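Coordinate inspection notes
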Amino acid sequence: MMKARNAIERAMQTLFFCCGIVSIAAVALITVYMIISGLPAIREIGAVDFLFGQVWKSTAKEPLFGILPFILTSVYGTLGAILIGVPIGLMMAVFLSKLASPRVASVVRPAVELLAGIPSVVYGFIGMIVLVPAVMDLFRIKSGTTLFTAVIVLAVMILPSIVSVSETALSAVPREYEEASIAMGATWIETIFKVSIPAARSGIAAGVVLGVGRAIGEAMAVMMVSGNVANMPKLFSSVRFLTTAIASEMSYAGGLQKQALFSIGLVLFVFIMLINLLLNSVPIVISFLFIGKKFTLFSCVTIVLSSVLTDTLPGYPLTNDPLLISVFGGIINALGISLCLFAEATSGGTDFIAIFMAERYNRDVWNFIFAGNVVILMTAGLLFGGDK
């Protein structure tokens, strides 16, 4: 009987491990594919012209591929949605978890959850029919398909993520914290803002991250209400986001134009990664201080191995481009550091990094390693990559 239970336990552990490996492998493969597909166009067009060019004419006789308007529009649109959606979502989560009666909460909560199930195209359609004419009449402008309209739609779309996760985090705050605050003379509202919300900040931050991801990655609804014109962003002008630039041209793109769209996807990928890093800035700084030596050591080893492979295996297809060697070397680099830190964390030693990894910051350490390698190797590829 005991042997059967142990066998089932080992089988389930193996299953969970495999599921985790599949998730990691999917992220790694997507990353590698985006880098390999996106960098050639950036190198051909030029990183400065591509990232800071203000004109996008991909189908002209002499095409221009400047995506600065798309980048700024995505930044402004995301920031606008956060400024509107986060306070509303947080206050709604506070209301549902701390202030509303059970009867009211049972009515409002399903309505919020229903927002998450509405397809993007429906948001865009309602925005076109209702919001676009309203903006046009209210501000007396010629067209209501503007950045402002897109910001309003995005703010509504991110509400379910923020409300649901934040409410769960607030509901998980121990009742003893709030009772102690009230016993010290604080009012219920003071307790919510000075005790409950700070205690739930990690969960609230997770909700904001999910909302930001929804805002950055949205394409269909934004395309329907923003005008989809490659202009430098103004609040009441038609604009085009990074996502809509890909969606609007991918169906007929070819050659350098198609490669440039992959490059836009790579920029969007890095953009999302940087936002996640910023939202976890404190753990990342701490991570950098404590793994700097190992990061430098493995980076040097990776450079040596990459050089050896490039020089000794000229017939192997991947070694025809040093940039690809650098990309795969960076993945080996990240895996090597991760395994090293994991070994320290599970060895039972007293090294501070073992405590650090074993407790709350392991995810941020690996995020730092992964993002650092991608950014460093992309930069190195743009500067030094090329045919041998």
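Reading guide: rules and limits
Residues numbered from 1 in each chain as written. Predicted model: local features only at pLDDT ≥ 70, side-chain atom pairs only at ≥ 80, totals over all residues. Heavy atoms only, no water. Helix = DSSP H or I, 4+ residues; strand = E, 2+ residues; numbered from the N terminus. Buried < 20%, exposed > 50% of the residue type's maximum accessible area, 1.4 Å probe, protein only. Contact = heavy atoms within 4.5 Å. Areas by Shrake-Rupley, 256 points an atom, 1.4 Å probe, with all protein chains shown as cover. pLDDT = per-residue confidence, 0-100. Disulfide = S-S within 2.5 Å. Core = buried A, V, L, I, M, F, W, Y, C linked by side-chain atoms within 4.5 Å. Axes fitted to C-alpha atoms, helices over the stretch in contact; angles between N-to-C directions. Left-handed = near helix turned anticlockwise from the far one by under 90°. Nonpolar A, V, L, I, M, F, W, Y, C, P; charged D, E, K, R; others polar. Patch = residues over 30% accessible without salt bridge, like charges linked within 9 Å, V, L, I, M, F, W, Y side chains within 5 Å. Salt bridge = Lys/Arg side-chain N within 4 Å of Asp/Glu carboxyl O.

**Concerning the overall build of the protein chain**
- Assigned secondary structure in the protein chain consists of 16 helices and two strands.
- Per-residue burial for the protein chain yields a buried fraction of 41% across its 388 residues.
- For the protein chain, the proportion of contacts with a sequence separation of at least 24, taken over those separated by at least 6, is 71%.
- Accessible surface computed for the protein chain: about 21,100 Å², of which carbon and sulfur atoms make up 71%.

**Some words on the confidence of the model for the protein chain**
- Residue-level pLDDT values for the protein chain average 76, and 71% of them are 70 or greater.
- With pLDDT under 50 throughout, residues 306–323 is counted as low confidence; its partners more than four residues away or in other chains account for 27 contacts.
- The low-confidence segment residues 381–388 (pLDDT under 50) makes 17 contacts with residues lying over four places distant or belonging to another chain.

**Some details on the state of the cysteines**
- Applying the stated criterion to the full structure yields zero disulfides.
- For Cys18, which is in no disulfide, the shortest distance to another cysteine sulfur is to Cys19 and amounts to 7.0 Å.
- Overall, Cys18 belongs to the partly exposed group, its relative accessible area being 38%.
- We classify Cys19 as partly exposed; its relative accessible area is 42%.

**Comments concerning the nonpolar core**
- Formed by 46 residues in total, the largest nonpolar core has its most connected members in Phe50, Trp56, Ile67, Phe70, Phe241, Ile264 and Leu266.
- Of all the secondary-structure elements, those providing two or more residues to this core are helix H1 (2–45), helix H3 (68–99), helix H5 (120–139), helix H6 (147–171), helix H9 (201–217), helix H10 (220–226), helix H11 (242–249) and helix H12 (256–279).
- Setting aside anything within four residues of it in sequence, one finds Phe50 in contact with Ile42, Ile45, Phe65, Gly66, Ile67, Leu68, Ala260, Ser263, Ile264 and Val267.
- Within the second largest apolar cluster, 10 residues are counted, among which are Val173, Ile192, Ile197 and Ala200.

**What to know about the packing of helix H7 (residues 175–183) against helix H8 (residues 188–199)**
- The N-to-C vectors of H7 and H8 enclose an angle of 140°; their axes lie 9 Å apart at closest approach. The two elements H7 and H8 cross, and the hand of that crossing is right-handed. Where H7 approaches H8, its residues Arg175, Tyr177, Glu178, Ser181 and Ile182 are matched on the opposing element by Trp188, Thr191, Val195, Ser196 and Ala199.
- For the contact of H7 with H8, the class distribution of residues is five nonpolar, three polar and two charged.

**As for a nonpolar patch on the surface**
- Taken together, the side chains of Val121, Val122, Phe125, Ile126, Met128, Ile129, Val130 and Met220 define a hydrophobic patch exposed on the protein surface, amounting to about 710 Å² of accessible area.
- Top element by residues in the nonpolar patch is H5. It accounts for seven residues.
- Mapping Val122 onto the fold places it in helix H5.
- Take Val122: its relative accessible area is 33%, and that puts it in the partly exposed class.

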